[in-house]
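# Results of the structural survey
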Amino acid sequence: MQTDLLQEARRQAEVCNACRYCEGYCSVFPALHAERAFSDGDLTQLANLCHNCRGCYYACQYTAPHEFDLNLPQALADVRQDSWEELAFPKAAGKAFQKNGLMIALATVTGFALLFWAAKALASQGGEGFYAVLSHNAMVAIFLPAFLFPLLSIAISLRRYWRRVGAKPLKLAHLVQAVRQAASMKNLKGGHGDGCNFEDEDRFSHARRAVHQAVMYGFLLCFASTSVATVMHYALNMPAPYPLLSLPKLLGLSGGLLLVAGCFEMVRLKLRSERTLGASGAFGGEIAFVGLLGFVGLSGLVLYALGQTPAMPALLAIHLGAVLGFFLLMPFTKMAHGFYRLAALAVDAQRG
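Report follows, based on the coordinates. (Residues numbered from 1 in each chain as written. Predicted model: local features only at pLDDT ≥ 70, side-chain atom pairs only at ≥ 80, totals over all residues. Heavy atoms only, no water.)

### Some remarks on the overall build of the protein
Counted only if it meets this: Only runs of H or I of at least four residues qualify as helices and only runs of E of at least two qualify as strands under DSSP, and these elements are numbered from the N terminus. As defined in this context, the radius of gyration uses C-alpha atoms, and a globule is described by 2.2 Å times the residue total to the power 0.38. Working definition: with a 1.4 Å probe on protein chains only, accessible area under 20% of the residue-type maximum means buried, over 50% means exposed, and in between means partly exposed. Whether two residues are in contact is decided by their heavy atoms, any of which lying within 4.5 Å being enough. Only the protein chains shown count as cover for residues, and the accessible areas themselves come from Shrake-Rupley with a 1.4 Å probe. For the purpose of counting charges, residues Lys and Arg are taken to be positive, whereas Asp and Glu are taken to be negative. His and the chain ends are not included. The atoms used to mark charge sites are NZ of Lys, CZ of Arg, CG of Asp and CD of Glu.
When you go through the protein residue by residue, the secondary structure sums to 14 helices and 0 strands. For the protein, the N- to C-terminal ordering of α and β elements is α-α-α-α-α-α-α-α-α-α-α-α-α-α. Relative to its length of 352 residues, the protein is compact, with a C-alpha radius of gyration of 22 Å against a globular reference of 20 Å. Along the longest, intermediate and shortest principal axes, the C-alpha atoms of the protein span 70 × 40 × 40 Å. In the protein, buried positions account for 48% of the 352 residues. For the protein, the share of sequence-separated contacts (at least 6 apart) that also reach a separation of at least 24 residues comes to 72%. When the accessible surface of the protein is summed, it comes to about 16800 Å², and 65% of that surface belongs to carbon and sulfur atoms. Put simply, the protein has 30 plus and 23 minus side-chain charges, and the middle of one group is 8 Å from the middle of the other.

### Structural notes on the pattern of salt bridges
Rules: What counts as a salt bridge is simple: a side-chain nitrogen of Lys or Arg found within 4 Å of a carboxyl oxygen of Asp or Glu.
For the structure shown, the criterion picks out 7 salt bridges. A salt bridge links Asp 40 to Arg 10, with the nearest nitrogen and oxygen atoms 2.6 Å apart. Here Arg 10 lies in helix α1 (residues 3–19) and Asp 40 lies in helix α3 (residues 40–49), a separation of 30 residues in the sequence. A relative accessible area of 15% places Arg 10 in the buried class. The network of salt bridges with shared partners includes Lys 270, Glu 286 and Lys 334.

### As for the packing of aromatic side chains
The test is simple: Only Phe, Tyr and Trp rings are paired, with Trp represented by its six-membered ring, and only when their centres lie within 6.5 Å; those with planes under 30 degrees apart are stacked, over 60 edge-to-face, the remainder tilted.
Applying the stated criterion to the full structure yields 10 aromatic pairs. Ring plane angle 70° and centroid distance 5.8 Å describe the contact between Tyr 161 and Tyr 340, whose orientation is recorded as edge-to-face. Of this pair, Tyr 161 sits in helix α8 (residues 136–164) while Tyr 340 sits in helix α14 (residues 337–351), and the two are 179 residues apart along the sequence. The exposure classification of Tyr 161 matches that of Tyr 340, with both residues buried.

### So, the environment of Leu 259
Its place among the elements puts Leu 259 in helix α11 (residues 247–272). Judged by its relative accessible area of 2%, Leu 259 is buried. Dropping the residues within four chain positions of it, Leu 259 is found in contact with Ala 214, Val 215, Gly 218, Phe 219, Leu 293 and Gly 297.

### Looking at the layout of surface pockets
Once rolled over the atoms, a probe with the size of a water molecule shows which space is left empty. Cut-off, in case you're wondering: Definitions used for this entry: grid spacing 1 Å over protein atoms alone; cavity, a set of points where a 1.4 Å probe fits but cannot get out; pocket, an open set with protein on both sides within 12 Å along at least 5 of 7 lines; lining residue, one with an atom within 4 Å of a point. Grid points are joined across faces, edges and corners, and a volume is the space filled by probe spheres set on the points. Under the scheme applied, nonpolar residues are Ala, Val, Leu, Ile, Met, Phe, Trp, Tyr, Cys and Pro; charged residues are Asp, Glu, Lys and Arg; polar residues are all the others, including Gly.
Counted as a void, the largest pocket has a volume near 1700 Å³. As for the largest pocket, its lining consists of 45 residues, and the residues nearest its centre are Ser 225, Thr 226, Ala 229, His 319 and Leu 320. Put simply, the parts of the chain that give the lining of the largest pocket at least two residues each are α8, α10 (207–234), α11, α12 (283–305) and α13 (312–329). The element contributing the most residues to the lining of the largest pocket is α10, with 10 residues. Its volume calculated, the second largest pocket comes out at about 1300 Å³. Along the wall of the second largest pocket there are 49 residues; nearest its centre are Met 216, Met 335, His 337, Gly 338 and Phe 339. Mapped by element, the contributors of at least two residues to the lining of the second largest pocket are α5 (72–87), α8, α9 (172–184), α10, α11, α12 and α14. With 8 residues, α10 is the single largest residue contributor to the lining of the second largest pocket. Grouping the constituent residues of the lining of the second largest pocket by class yields 31 nonpolar, 9 polar and 9 charged.

### Observations regarding α8
For clarity, the cut-off: Helix span is expected to be 1.5 Å times the residue number reduced by one.
Taking 1.5 Å per residue as the helical rise, α8 with its 29 residues ought to reach 42 Å, and the 42 Å between its terminal C-alpha atoms agrees with that figure. Those residues of α8 lying buried are His 136, Ala 138, Met 139, Phe 143, Ala 146, Pro 150, Ser 153, Ile 154, Ser 157, Tyr 161 and Trp 162. On its buried face, α8 sits against α3, α5, α10, α13 and α14.

Here it is, written out as structure tokens:
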């Protein structure tokens, strides 16, 4: 990892450790104050434990123009961003995708082109609904590897993270506590439960916490929709298409709406936020990825609305191309932060 980023984060952490004004603000500060010296692993853990709520910055008496010039949210964000690049598998892809929104767009367009080709070359013979354009077997052949690859990549990355921070063997109680905190977005509530200061300096708001929950639960509902449809297809011999009031459709529609609304609002909040408090040079890539995630949900909703029209084959290829691009890029984009934050929360639970 970049030593200059670690050194600056170490300097600021040492000042914060001496001050202790922000001790109750979030999970970062109890963990920070438990140390007397900070190894590279300690700083990596603190950086991934930080949710960038920025409350500590606006409460700090040592920010510029003070000579200490503290900006802990940015210092930890830079270390966090660098750790994702360093720990990614393969590492070269992590470095390429973390800071380059253009690569995300190009990969998505390539995915569109591949799916258009697949829809033409692997066209189904006499299937119903979407399967009339692309057979079920062809979809499985394309998307199963695209689904398994990010799981393998993220698993390797998290193993590297676990070793980097010197974590102990994971226990179920630690994982349960971490999942509980992640599900409620505890660290986005701010030190006094009033919310964070992400969008407007010292004005507290729960807006960022709400949109994160919308995106997270929207994604989980969409994933549940696909999982239920898979069980219905293979275990219950009930192949698609499914009616509106079926479980896959209800889960997918509600998840898609949450995902689109959450991503739209997240982009709006990011555009209003102070960029100097986030990772240097990562803004474009973050916006591009949130846009891609929102487009996955939007294209799915449009496909459902126009699924009985002549536009269906083109819309299907576009949607599947977006999904393919999303899965292939997931380990190297901002999406990976959810897995690292969950790991950091589990490591922090060991401390208690």
